[in-house]
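# Breakdown of the fold
These are the residues of each chain, in order.
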Amino acid sequence: MSSKDPYQYIIVEHQYSHKFKVTVLRAEHVTKGAIGDLLDTPDPYIELFISSAPESRRRTRHINNDVNPKWNESYEFILDPNQENILEITLMDANYVMDETLGSTTFPISCETIRIGQTKEVPFLIGKVTKVFLEMTLEVCSSTDLRFSMALCDKEKMFRQKRKERVMLGIKNLLRMEKGRCLPSSERDVPVVAVLGSGGGFRAMVGFSGVMKALYESGVLDCVTYVAGLSGSTWYMSTLYSHPDFPTKGPQEINQELMKSVSSNPLFLLRPQNIKRYIEALWKKKACGQPVTFTDIFGMLIGETLIHDRMDFKMSHMQDKINEGQSPLPLFTCLHVKPDVSELMFADWVEFSPYEIGMAKYGTFMPPDMFGSKFFMGTVVTKYEENPLHFLMGIWGSAFSILFNRVLGVSSSDNSGSTMEEELENIKPQHIVGDDGLDGDEEPRKAGTENLEVEEEYQKNAQASWVQRMFTAMISDSTLFNTREGRAGKVHNFMLGLNLNTTLAYSPFRDLMYQNSVEEEQSVVTDPDEFDRIYEPLDVKSKKIHVVDSGLTFNLPYPLILRPQRGVDLIISFDFSARPSDSSPPFKEILLAEKWAKMNKLPFPKIDPKVFDREGLKECYVFKPKKGYKNCPTVIHFVLANINFRNFKAPGVPRETQKEKEYGEFDIFDDPESPYSTFNFRYSNQAFKQLHDLMEFNTLNNIDVIKEAIIDSIKFRKENPSCCSVSLNDIEDRKYFNKDPHSKLHT
């Protein structure tokens, strides 16, 4: 690994926020007025409110029967210095029935009223005689909880270095050459290989399980640096990487456990006792201030099906599987979408790894345990517990949350023959991100707060009422099966209040690295609306963002692997997407990926769909970059097709008995009774084994193709020792240069 990472010198601009600290010290001569004081001694407390702050309201405890109370309670607010920030101070009297306002005043917060770094005690007069004393400090948030950078994080860089050593040995074992010019002679010659899995529900998950078994047992997986998944493939990756015995135990045994997990009807998970348990878990999440949508419930159902014995597993726990480079780095994805724009026109790709979650488009990332927390201007305002893996699985595969009626086999006759892709095309974005009864921002309660028992009873009743309403909604056919409202996942907007840099996109050097001609770029244009608004920024004023299945735009996770920082030489892609028939051309999704890459000025080999006319349906196709085309990966595109498996039970081993021949004789898409529908969430052992063994066979049957591509990648690296065509001079010339590589931010 080069000691110079050009991306670490790039400035991702970001404006610092201010941290406003307030300590409510005491009050003197609290009064309810002459008559009020005769009737009752006040029970005072203070409310602080800054409308421009994300956590805008704070209050002290109330002190019984005290006209000179002392609180000494401290609070922090994160503020945008470019906005007008007004502190409202309200003196309240706690009562059993309704709290009473005794008076209020305001204080403008700015560098003129309180100097940066200064601690200042300020008395405030409320009414004619009452004084409230506050101690205030204003600081610059010189460090943030988000990472602003175009570079990979340090943990991923360390992983790559350790993995490279293992890949070098893996290539030697795979090619079975102790010495020779086909082997990497140094770490610089070691290619970066990535494996991709598409969406496609349980069909993709089961197919990918066969693929990973083949790659693991053949030794190819030892040569792989990244495994990236989308939707259904992420479910298999989650099952694999969360397993306590992986990678010591290989996919073979884990796949056997998976086969048992998917053999049951998913409807049993919707028994009333289970639903009540799910909803009570959601109440706990909602009560602490996090958004809740139907995707949370769907994630629980997927988790109970696939990882039922490890429902507390977190994404960050996967670090133990990769920290020593012992396994490829898993990458997962979803989309951020806007309510009023089609996902095919606008979507920001969100990437998830055990080390970081974020959006490469903006150079903004966070540790996994912060995803879902409440941010403002890059600083955590409210930190929540890390979301369990099953919640993320629900987001990554949320297309099935949207079409949940089809998953359960509850569907009207007019769409029973349509594919998932056809149904999703008819869904309007505002339908899936619309108002959702599960997630409502409630006004703060204004009833009396003096009696703690009454307050606790109120909270208990509120929980019981919410749980009952949700339980009724869940078991009601009309609500659960026939609506798509609120089916998108929802999280707090971690880029709230930021001033986004939209000029860097995926790489600031794209015109240096991008070598396609205008004719090539025009040749990939199909529907002019596709990706029409991908250059638009995220709404930094929205408090929450909607996240959905990435398959709603295209069904392969290429954006994760095409980041130039990862420098991938070879992509082995497995596409399990639905097709009209087994004999249909299998290039729809990869053509969309090609167009997306071209629009983002990222190197991608030319995808020639006419190869289907020339060569017919094959198990895999190889797309190589043009000669002299630097920084462009080779793509091996595997498709879901039963061709040679019909006649061979293993590569080169023909089927002989009638039983063996019957086992291999099945269609994927042509058979109307096929168990491999995108909507099928129950697989018999026979159906699982056939699909699993088919994709294992297809992978092993083309191991020589993979080996040849790895050898070509090694040769290319040897002939081009400096694969990175970007120099520090290029950065400095473009005014992106940050002379301190340890400084992540620039204002």
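The rules behind each value
Residues numbered from 1 in each chain as written. Predicted model: local features only at pLDDT ≥ 70, side-chain atom pairs only at ≥ 80, totals over all residues. Heavy atoms only, no water. Phe/Tyr/Trp six-rings, centres within 6.5 Å; stacked < 30°, edge-to-face > 60°. Helix = DSSP H or I, 4+ residues; strand = E, 2+ residues; numbered from the N terminus. Buried < 20%, exposed > 50% of the residue type's maximum accessible area, 1.4 Å probe, protein only. Lys NZ or Arg CZ within 6 Å of the ring centre and 35° of its normal. Patch = residues over 30% accessible without salt bridge, like charges linked within 9 Å, V, L, I, M, F, W, Y side chains within 5 Å. Areas by Shrake-Rupley, 256 points an atom, 1.4 Å probe, with all protein chains shown as cover. Salt bridge = Lys/Arg side-chain N within 4 Å of Asp/Glu carboxyl O. Contact = heavy atoms within 4.5 Å. Polar contact = N/O pair within 3.5 Å; in protein donor to acceptor, adjacent residues only side chain to side chain. pLDDT = per-residue confidence, 0-100. Pairing = 2+ DSSP bridges. Axes fitted to C-alpha atoms, helices over the stretch in contact; angles between N-to-C directions.

## Observations concerning the packing of aromatic side chains
This model, assessed by the stated rule, comprises 24 aromatic pairs. Geometrically, the ring pair formed by Trp235 and Phe298 is tilted, given 6.2 Å between the ring centres and 55° between the ring planes. Placement of Trp235 in helix α4 (residues 232-241) and of Phe298 in helix α7 (residues 294-306) is noted, with a sequence separation of 63 residues between them. The class of Phe298 is buried, set by a relative accessible area of 2%. Among the aromatic side chains, those forming a connected cluster through ring pairs are Phe645, Tyr663, Phe666, Tyr676, Tyr683 and Phe697. It is Arg26 that lies over the ring of Phe133; its NZ or CZ is 4.0 Å from the centre. Over the face of the ring belonging to Tyr45 we find Arg59, whose NZ or CZ atom lies 3.7 Å from the ring centre.

## Things to note about a nonpolar patch on the surface
A contiguous nonpolar patch, built from Ile35, Leu38 and Leu39 and spanning about 420 Å² of accessible area, is present on the exposed surface. Following the sequence through the fold, Leu39 ends up in helix α1 (residues 34-39).

## Re the side chain of Thr699
Within the fold, Thr699 resides in helix α22 (residues 685-700). Here Thr699 falls in the buried class, since its relative accessible area comes to 0%. In contact with Thr699, other than residues within four places in its own chain, are Val211, Ala214, Leu215, Phe574 and Phe638.

## Considering the pattern of salt bridges
Counted according to the given criterion, the structure contains 34 salt bridges. The closest approach of N and O atoms between Glu121 and Arg26, which form a salt bridge, is 3.6 Å. One end of the pair, Glu121, is in strand β7 (residues 119-126); the other, Arg26, is in strand β1 (residues 18-28), and 95 residues separate them in sequence. Using a relative accessible area of 43% as the deciding quantity, one classes Glu121 as partly exposed. With relative accessibility at 24%, the residue Arg26 sits in the partly exposed group. Here Lys618 ties to Glu615 by a salt bridge, and the two come within 2.7 Å at their closest N and O atoms. One connected set of salt bridges, linked through shared partners, spans Lys32, Asp40, Asp93 and Glu100.

## Topic: the side chain of Thr60
With respect to the helices and strands, Thr60 occurs in the loop between β3 (57-59) and β4 (70-79). You can call Thr60 buried: its relative accessible area is 2%. Here the side chain of Thr60 touches Trp71 through a polar contact of 3.3 Å, side chain to side chain. With residues near it in sequence (within four places) discarded, Thr60 still touches Val24, Tyr45, Ile46, Trp71, Glu73 and Tyr75.

## A closer look at the confidence of the model for the protein
On average, the protein scores 83 in pLDDT, and the residues at 70 or more come to 79%. Here residues 733-737 scores under 50 on pLDDT; set against residues more than four positions off or in separate chains, the count is 14 contacts.

## Describing the sheet that holds β3
Pairing is antiparallel across the open sheet formed by 4 strands, whose spatial order is β3-β2-β5-β6. The open sheet has two free edges, formed respectively by β3 and β6 (100-109), since each of these has just one partner strand. Neighbour-to-neighbour, the strand axes of the sheet open up by a mean angle of 20°, direction not taken into account. When strand β5 (residues 85-93) meets β6, the two strands line up antiparallel, connected through 9 bridges. Looking across to β6, one finds that Ile86 is bridged to Pro108.

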